[in-house]
Each structure stands twice: as structure tokens, then as C-alpha cells.
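Chain and residue survey
Residues per chain are reported as follows:
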Amino acid sequence: MGREKDANLLKVEKVVEPKPLCGDGARFDDYESLYAESLKSREKFWEKLASELHWFKRWERVWNGKFKGARWFEGGKTNVCYNCLDRNLKRGLRNKVAIIYANEREEERKLTYGELHELVGRLASGLKRLGVRKGDRVLIYMPNTPEAAAAMLACARIGAVHSVVFAGFSREALKVRIGDAEPKVVITATYTVRRGKKVDLLSTAREAVKDFPFVEKLVVWDRDGEEKLGPAEVEFYDLVAENREVAPAEEMDAEDPLFILYTSGTTGKPKGVLHTTGGYMVGVYATTGWDFNLKDDDVYWCTADVGWITGHSYIVYGPLLNGITTVMYEGAPNYPDPGIWWRLVERYRVNVFYTAPTAVRLFMRYGEDYPRRYDLSSLRVIGSVGEPINPEAWEWYYRVIGGEKCPVVDTWWQTETGMHVILTWPHTKAKPGYAGRPFFTVEVDVVDKEGNPLPPNRVGYLVIKTPWPAMFRTVWKNPERYDRYWEVVKGYYCPEDLATKDEEGFIAILGRADDVLNVAGHRIGTAEVESALLEHPAVAEAAVIGKPDEIKGERIKAFVVLKVGYEPSEKLAEEIRRTVREVLGPIAVPEELEFVEKLPKTRSGKIMRRLLRARELGQEVGDLSTLED
Ligand code: WT7
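In what follows, the accompanying structure is described. Predicted, not measured: the structure shown is a model, and the values here were computed from it.

**Observations concerning the nonpolar core**
Within soluble globular proteins, side chains that are nonpolar tend to cluster in buried spots. Trp 46, Phe 73, Leu 153, Ile 187, Tyr 317, Phe 439 and Trp 468 are the most contacted members of the largest nonpolar core, which totals 161 residues. The dominant element in this core, judged by the number of residues it contributes, is helix H6 (residues 146-158), at 10 residues. Trp 46 has contacts with Val 62, Trp 72, Phe 73, Val 282, Gly 283, Ala 286, Met 419, Phe 439, Phe 440, Thr 441 and Pro 469, leaving out every residue within four places of it along the chain. Membership of the second largest hydrophobic core comes to 32 residues, among which are Trp 341, Val 345, Val 408 and Ala 430.

**A closer look at the site of the ligand**
The local shell around the ligand holds 17 residues, among which Asp 410, Thr 411, Thr 415, Asp 497 and Arg 523 are the closest. Measuring from an oxygen atom of the ligand, one finds a side-chain N or O atom of Asp 497 at 2.9 Å. Arg 512 is positioned such that a nitrogen or oxygen atom in its side chain is 2.9 Å from an oxygen atom of the ligand. Of all the secondary-structure elements, those providing two or more residues to the shell around the ligand are helix H11 (309-321), strand S20 (408-412) and strand S27 (507-512). Top contributing element to the shell around the ligand by residue count: S20, with 3 residues. A breakdown of the residues in the shell around the ligand according to their chemical character gives 6 nonpolar, 6 polar and 5 charged.

**Concerning the sheet that holds S27**
The strand order S23-S24-S26-S27 describes an open sheet built from 4 strands, whose pairing is antiparallel. With partners counted over all chains shown, the strands left at the sheet margins are strand S23 (444-447) and S27, one partner each. On average, adjacent strands in this sheet sit at an angle of 45 degrees to one another, irrespective of strand direction. Summarising the sheet, S23 and strand S24 (residues 460-464) pair through 4 bridges and their orientation is antiparallel. When the sheet's bridge partners are listed, Val 444 is paired in S24 with Ile 464.

**Notes on the sheet that holds strand S17 (residues 325-330)**
Read from one edge to the other, the open sheet built from 9 strands follows the order S5-S4-S17-S16-S18-S19-S20-S21-S22, with strand pairing classed as mixed. The open sheet has two free edges, formed respectively by strand S5 (108-112) and strand S22 (437-438), since each of these has just one partner strand. Looking at chain direction, strand S21 (residues 422-423) and S22 are connected through 2 bridges and run antiparallel. Note on S22: the bridge partner recorded for Leu 423 is Arg 437.

**What to know about the pattern of salt bridges**
Counted under the stated rule, the structure contains 59 salt bridges. The salt bridge partner of Lys 557 is Glu 616, with a shortest N-O separation of 3.1 Å. You can see Lys 557 sitting in strand S31 (residues 553-562) and its partner Glu 616 sitting in helix H19 (residues 609-617), a full 59 residues away along the chain. Judged by relative accessible area, Glu 616 falls into the partly exposed class, the value being 24%.

**A short note on the packing of aromatic side chains**
A complete count under the given rule lists 54 aromatic pairs for this structure. Considering the side-chain rings of Phe 28 and Trp 290, the 5.7 Å spacing of their centres and the 45 degrees angle between planes classify their relative orientation as tilted. One end of the pair, Phe 28, is in the segment before helix H1 (31-40); the other, Trp 290, is in helix H10 (residues 278-291), with 262 residues separating them in the sequence. Each member of the pair, Phe 28 as well as Trp 290, is classed as buried. On the basis of an interplanar angle of 70 degrees and a centroid distance of 6.1 Å, the ring pair of Trp 341 and Phe 353 is categorised as edge-to-face.

**Here we look at unusual backbone geometry**
The omega torsion of the bond from Tyr 335 to Pro 336 falls at 0 degrees, within 30 degrees of zero and hence cis. Here Pro 336 is to be found in the loop between S17 and helix H12 (340-348). Positive phi, close to 60 degrees, is recorded for Phe 73, a residue that is not glycine. In this structure Phe 73 comes out as buried when scored by relative accessible area, which is 0%. A positive phi is found at Glu 106, a non-glycine position, where the angle reads about 60 degrees. Tracing the backbone through its elements, the reader meets Glu 106 in the loop between strand S4 (97-103) and S5. With a relative accessible area of 27%, Glu 106 lands in the partly exposed category.

**A look at H11**
Burial analysis of H11 places 13 of its 13 residues in the buried class, which makes it a mostly covered element. Of the residues flanking the end of H11, it is Gly 323, one or two places downstream, whose phi is positive at about 70 degrees.

**A look at the packing of helix H2 (residues 42-51) against H10**
Closest axis-to-axis distance for the H2/H10 pair is 10 Å, and the angle between their directions is 90 degrees. When the axis of H2 is compared with that of H10, the two are roughly perpendicular. Contact residues: Trp 46, Leu 49 and Ala 50 in H2; Val 282, Gly 283, Tyr 285, Ala 286 and Trp 290 in H10. Grouping the constituent residues of the contact of H2 with H10 by class yields 7 nonpolar, 1 polar and no charged.

**Considerations on the environment of Arg 365**
Its place among the elements puts Arg 365 in helix H13 (residues 357-366). We classify Arg 365 as exposed; its relative accessible area is 58%. Taking C-alpha positions, Arg 365 is 31 Å from Glu 496, a pair spaced 131 residues apart along the chain.

**A word on the packing of helix H7 (residues 171-181) against helix H8 (residues 202-209)**
Axis separation between H7 and H8 bottoms out at 9 Å; the angle between their running directions is 45 degrees. When the axes of H7 and H8 are compared, the pair comes out oblique. Regarding H7 and H8, the two cross each other, and that crossing is right-handed. Contacts from Arg 171, Leu 174, Lys 175 and Ile 178 in H7 reach Thr 204, Ala 205, Glu 207, Ala 208 and Val 209 in H8. Partitioning the contact of H7 with H8 into residue classes produces 5 nonpolar, 1 polar and 3 charged.

Quick notes on the rules
- Residues numbered from 1 in each chain as written.
- Predicted model: local features only at pLDDT ≥ 70, side-chain atom pairs only at ≥ 80, totals over all residues.
- Heavy atoms only, no water.
- Core = buried A, V, L, I, M, F, W, Y, C linked by side-chain atoms within 4.5 Å.
- Buried < 20%, exposed > 50% of the residue type's maximum accessible area, 1.4 Å probe, protein only.
- Helix = DSSP H or I, 4+ residues; strand = E, 2+ residues; numbered from the N terminus.
- Contact = heavy atoms within 4.5 Å.
- Near = heavy atom within 4 Å.
- Polar contact = N/O pair within 3.5 Å; in protein donor to acceptor, adjacent residues only side chain to side chain.
- Nonpolar A, V, L, I, M, F, W, Y, C, P; charged D, E, K, R; others polar.
- Pairing = 2+ DSSP bridges.
- Axes fitted to C-alpha atoms, helices over the stretch in contact; angles between N-to-C directions.
- Salt bridge = Lys/Arg side-chain N within 4 Å of Asp/Glu carboxyl O.
- Phe/Tyr/Trp six-rings, centres within 6.5 Å; stacked < 30°, edge-to-face > 60°.
- Parallel < 35°, antiparallel > 145°, perpendicular 65-115°, else oblique.
- Left-handed = near helix turned anticlockwise from the far one by under 90°.

Now the structure itself:
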């Protein structure tokens, strides 16, 4: 556990304690006592929240008593899409704006709950007509637009299991996910926009489905209406137009699968994290409402992409379950200029703004001038997610964006947890550099490898000790990888993050304990990048490490051993990097690439990335007894 010396870790000594931010219609003002209360009546706590939503049939038991293998609200029948849309229509929200879409060119579209219901219901009918049945998988490879949200909701409506793949991933990454999820239908668009350019999605999707006979149809949102579609392809809005019926919401068992979302691990193959219906729904409904102290008329903007878990839980499902207005933005944060986001906050009077530290650090670099040009006074709560927010970025975000009046709600969680688990509650004091304290009913700790709790301020493994409803249920087609989460530290769920806990129970996250990088808030496995590098014919061996980066948190450095007959050159390095871009996507491209004669390995042939890291960062190397050469 030598990583506490790493240069990219937070300096957690600097602790600022702003005044508690109470009042203003806070949902509660005494976190400690409510938390203590919730530990005594975990099931009652969740049952009350579940009761606020619609169930076709009430559950028989709240929780099955297990942690690994937990099941929630068994016997209950519900539908997540019904709760996002139909329930809100019944509450009188038909004409309220559900989604505001905006992009770099400041084009906007607004969909009311009524309009979204119509779109989703007809698309759901269309999918049924294409043969999609309950339990079938549908893969969604779409830009961050209402059409993507509609596709997810349409699947949920008819009980199809969606698997969204981030539109920034390219051919091979998409293929691996299609091959694993085996979708009957793939939904895509002709392109997405970024930095004024159209990024082609359709060619990538066509290429990716080619070898998979189980993909029966490709649904294509033809954004400019000029594409010639093939016999196995159907246009998104044609499908909507041809199906006038709003499909009824399927009565789903609480434990029926809702979606699969792939995330990186320590092997080259991504893990299909499986979430189910009832528990996930209740978990994201509750955390969106409580953690941002939502009010009914809030305009809420989470700047993530639907391709990640943050987009699933906190752009689409959480906000819509709460019946608020959610903003979806397609494009880069600093294009056409670094004022675009603040212009949109002003225009839409955004109340809750939720972004990533990497974006905050990017804006810091452009200076205070841009945000100062706009009226950000509508903001009430500002959130952070994806990686630790360093105290400098915290201070800037709090002062410049939040105007020293908005609590900074840091939220620690994972694709697997489905919902926030640790957070800086908006009504309590905050400690910049610390993620905060657990959500109600959930117990967390920092322990050693044997599971012994560590004294305050010592670095150890973060563990979650008790279940929560939105936790993932398994890894798709790979139960052994599900088991692994309970095997790192016996008896507990181990997210493989290193952490410390202070005397007051505030948790600071220090980074990953495994070979997984966090680049601009995105989880990327070193093994995945290494296997992408190996796709280039000149590459014999490759190793990848993360290096501290001022804006991205970590950036990727690759060490490459060439095959005999190839000579290192700048041109070859560029070609190899291009291969990674084509295979995995731009987010996985190593910024640095160094040709080496050989790689340090253990006796068993495992690459010692730790050694490469230490050498690269000028640190001590530690125990080398397992090193072969
Ligand atoms: C990993 C999960 C959760 C949505 C985005 C990423 C890191 C996430 C924080 C935070 C410190 C964080 C952890 C975690 N992480 N949020 N607020 N403070 N670290 O989801 O791709 O599943 O990655 O991201 O290392 O394990 P993900």
C-alpha cells in the first residue's frame, strides 16, 4: 500500500470548514441523528421512500437479508419508465419541461413530460414491432440528446435491458460490448457534435454490428435526413411515426434487470455491471432528491454523458423520477468559448449544477473572467463527481461558480453502486479534500487487507459494510468477477479505492488501489489500453501507467517494446496512438509514448507497472523481491 506517497494524491491536511449551510427549506438539518436513526431501521427508511413511487403490486419484503446477493423489494411489481413519466403526468406535470437540450451552437429543444411520454411510448411500440421482448438487450450508441434518454426509457417501458455505450468509444470498444451483451437491436445516430465537428457514429456502428448475426436491426436517428439506410436499418423517427400507440408500461418484477453498463477493470475485458429495477429506482430517486436538496421547480444540470453511470442515474432516471427539469448538453465545455456553460446556466436559470473536478480545473485555467460575465445567481447547490476534488479546485468552484453561497456536494460512488454512497451533505459542514460521509443506512469504513478498522487518518481500503438498494446485482455473464468485489477484503464490498477517515468520520478518497486509471473522471483499465496498443503490428509488448495531470487528474503514459525489424520514430509513435484512438476511442489515447527495450516483469511474467510508475515519478521503488529482471 505504498501509494500514499504518490504525487497525484490530495494534500488532505488543508481543511476549511465553512459554516453549515442550513435553512432555505433544507430537507433536514441534523445529519448525525438522522443517520444514526437510519442505521437502526434500514428497511423502514427505504420502505418509506419506495412508497412514494408507484408499484403495480407492493413488495413482500424490503430486503432479503444478504449483502452479497442482496435483493430488494422482492415480490413487488413496478416500472421505472412509468414512474419517470406516467406517474408525473398523473401528478399534473404534463406540460412541465422534462428535458432541456442544448448544444455548442446554442440550439435548444425542450420536451415536456407529456411530449416525452408520447415519444417514449411510441418508440417502445416501435421496438416491440421490431421484435424486442422483455429481457432482450438493446444497445444504445447515441449522442447526449433527448433521443438517447428516450431510447433508455423506451427499453425500460417494455422490459428490455438497455446497454448504453459512450459515443466517445470507437469500433473495438463497441464491438466488445455488443459481443458480450448480445443485443437484438442497436440504436444509434448518424453523428454527434463536438468542437464544431460532426463525429461519425453510424459508420462505427455499422462496422461493429457486421459480425453479429444476433443484431437483427439497427435503428438510426438520421439527424440531417440524408442517409440511405439499408434493409436491416430503420430510421428512429420513422419508427416513432409509424407506431402511434403508446406502449403500456410492462409490470416488471423488482429484481428484473433494468440495464447493463460496461466499466473497466483490471483485465482487458470490460465488466457488464447489471442493475435491476426496484432497488435502483428507489436508490436514485432518493439520492437525487436528498443529496441536492431538490425542490419541485428546480432546473437541474448534470454535465455528464448518458454513456456513463452518472448520466444514467443523475441525468435521466434520478431527475425524471423526481419530476424536475433536467438539462442535457451535447458538446465540449470550452467550445465555442469557455463561457458556454455559464451562458446556459444564466439562460435556463439552473438551480442545481453537477459536474466533474476535471471540468472545474479546466475552467480555472481560463480564469474568473468567463463565469463573471454571466448571472449565476440562480445556482443553489453545486455538485462534484468522478474523482477527488482537490482543495484548490474546491475553493474556486465554491467561490467563483457558487458565489460562496452554494454548498459543494461532492459525491463518491461507482458504476457498481448505482447511486451516491458517500457525499458532502449540502446542509452540513464541508471539508475540501474529503468526499464526506455516507448516505443514510449505509456504513463505510477504512480498513487493512484483513478487514481490521484503521485508526483515524491512516491510509487503507475503503469498504462498504452494509447493503443499499441500488447496488449492482452481478457482472453480466461473469459471476466470478462479481465475487471478486467481496474477496479483496473478506465480508465487505471493496470498491478498490484507497482512503482515509478522520475523527469525525469524513472520508477522503486517495485514488485507486488497482490497475485502473482515472482519466478526467473516466475509469480506464491499463490492460484495455495495453491490448489496444498490441493491435498495432509493430508492437510486441506494452505497459501503461497513469501520471499526475493538472487538469485530467491522471494522463496515460505507454511504454512500448517494438517487434524486431521496427525502428522507434515519432511517426511510428503517432501511428500507434492512432490505433488506440480507432480501437478504443480518444479518451484512452496515451498522451506520452516511450519506446523501451524491455519491460520490468515479475517471475511469473506480470508487468510491474508499479516500478514503471515509481521510476517515472522519481519515487522510491519499494520491495523488488518478486522482480525477475
Ligand atoms: C471510481 C468509480 C461515480 C460516477 C463516475 C465514475 C472514483 C468517483 C469520486 C469522488 C473521489 C471518486 C473512484 C471510484 N470516484 N467519484 N467524488 N471522489 N473519487 O464512475 O467509472 O464507476 O468510477 O471513480 O475511484 O471507485 P466509475
